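# Structural description and commentary
Here are the chains, one letter per residue:
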Amino acid sequence: MPLPTENQRTDQRTDARTEPLTDASPVALAVRQAVADGLLGEDRPLAGFVDVQGVRDSVAGLHEAFAQVPDVLHTFAAKACSLVPVLRLLADAGMGCEVASPGELRLALDAGFAPARIVLDSPAKTRREIREALALGVALNADNLDELDRIDALRPEDCASVLGVRVNPQVGGGSIGAMSTATAHSKFGVALRDPGARARVVEAFARRPWLTRLHAHVGSQGCPLPLIAEGLAATHRLAEEINAHVGRRQVTSLDLGGGLPVNFADDTVTPTYAEYAAALDAAEPALLDGRYQVVTEFGRSLIAKNGFTAALVEYVKDAGGRRIALTHAGGQVATRTVFMPQAWPLRVSAYGPDGTPKRTPLVRQDVAGPLCFAGDVVAHDRPLPALSEGDLVVLHDTGGYYFSAHWSYNSLPRPAVYGYRLAGGQVAFAVIRSAQTVREISAESGLAQADALLTGFAAPPGT
Ligand SMILES: *Cc1c(COP(=O)(O)O)cnc(C)c1O
């Protein structure tokens, strides 16, 4: 069942991958207002935008899909949009937070998530990180059995953390290898189908009465629902086996990971959270029947369609008979798209300098970025209204990962990100993150140690 609010937001399109027909879509309204407010233009050639109501609607859709599960904690995978105001919005909307590094844990705490609603999943936790998480009472999933040995040594008597272990059900991969976490050779979790591994996991639980959670994350973009459901059903079977072995309900919660794929081809939300829950139910009816607390860790599916990127067209040229628009959005913000254009295609729309959609005939053209490397093209040979200097391009569905996985190539600044809200047909903006300045870039590039290689050696070698 599609989320009703998303349905209402569906645009009519001439071409699913190009241009909205309506000037009244939330994105079109936001672009026009951003130009009017001076947030986009000659001196502000690149910005990200987050639809605040859209985020709330997506969270509501997730909660609704799991409404029949008595005990569920939905966490947001911080890496998908690691911006404190966005995390705080998600906390306010009822989410917990999944983190995978000390930095993400800090952001989650600063955003206001209670430690009990934070899950730490990083695959290479240091002893210090484990100690600090346990002291805070943050839930933690060990990536492997050696990490459980470390927890044995570090766990305080009065530990409040829920502790689990991640398994890899090895059900196979989806269409994007780098997004598939349940392959035979995945680096994540205990590889469950390897000889003897299952017995070792059961034994690890038998020896540790405080170990109460099983965690699996089958994959992200490109993984079909039945594959995800198969992996989670296998995880449920393992929980049942552990509990039968120890003779009590020691495993009390299942952390199901994240990874609902996002449709980047048009505005339709598919698959939906309701379809995800139905797929789990079909694969294993007992999975969501309330005997286990359920934790989810969705990232991209909560935020991707609630964000877009807008960039100025600086120049337009022809090369070898091909039209190329040089814009300010390239690999620094759309890294995966420029390196793996087949796996991560983005819809692009053309807007005029005043922020209204362009309606001129479609012409095939490349939409390139500002980086000094030839692969810096976000859309190849794409039919779009002919772009000109001063126009804007919108990269749709970039709310997930695109604002939080900046690539500092060419020392390009992290762009500003704004939240927007529609009220009575009017768009209002709030700054989420201001654009990085060139002074800040210099500061994080060692400015304070500028003389280090000339005079910085305390005792020069050989003296
Ligand atoms: C990245 C990640 C997620 C979120 O994945 P999405 O595809 O963004 O939903 C969830 N759990 C773990 C362990 C992850 O690494």
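Just so we're clear, the structure is a prediction, and the values are computed from it rather than from any experiment.

Rules used in this analysis
- Residues numbered from 1 in each chain as written.
- Predicted model: local features only at pLDDT ≥ 70, side-chain atom pairs only at ≥ 80, totals over all residues.
- Heavy atoms only, no water.
- Domains from an automatic or database assignment.
- Contact = heavy atoms within 4.5 Å.
- Buried area = accessible area lost by both parts, 1.4 Å probe.
- Salt bridge = Lys/Arg side-chain N within 4 Å of Asp/Glu carboxyl O.
- Polar contact = N/O pair within 3.5 Å; in protein donor to acceptor, adjacent residues only side chain to side chain.
- Helix = DSSP H or I, 4+ residues; strand = E, 2+ residues; numbered from the N terminus.
- 1 Å grid on protein atoms, 1.4 Å probe; cavity = no way out; pocket = protein on both sides within 12 Å on 5 of 7 lines; lining within 4 Å.
- Points joined across faces, edges and corners; volume = space filled by probe spheres on them.

With that settled, consider the domain arrangement of the protein. Partitioning the protein into domains gives domain 1 (12-50 + 305-444) and domain 2 (52-301). A separation of 33 Å is found between the C-alpha centroids of domain 1 and domain 2. The partner domain 2 presents 23 residues to the 24 residues of domain 1 that form the contact. Contact between domain 1 and domain 2 buries roughly 2100 Å² in total, counting both sides, with carbon and sulfur atoms accounting for 63%. Of all residues in domain 1, Lys305, Trp344 and Tyr401 bury the most surface against domain 2, accounting for 31% of the area lost on that side. Arg347 serves as the salt-bridge partner of Asp267, at 2.8 Å between the closest nitrogen and oxygen. Scanning the region where domain 1 abuts domain 2 turns up 10 residue pairs in polar contact (both at pLDDT 80 or more). Top contributing element to the side of domain 1 that touches domain 2 by residue count: strand E17 (residues 416-423), with 3 residues.

Of the voids in this model, the largest pocket is the one considered here, and its volume is about 560 Å³. Considering the residues around the largest pocket, the lining is formed by 31 residues, among which Lys79, Phe188, His217, Ser220 and Tyr401 are closest to the centre. Here the lining of the largest pocket spans two domains, since at least three of its residues come from each of domain 1 (12-50 + 305-444) and domain 2 (52-301). Each pocket or cavity is described by its volume, and for the second largest pocket that value is around 280 Å³.

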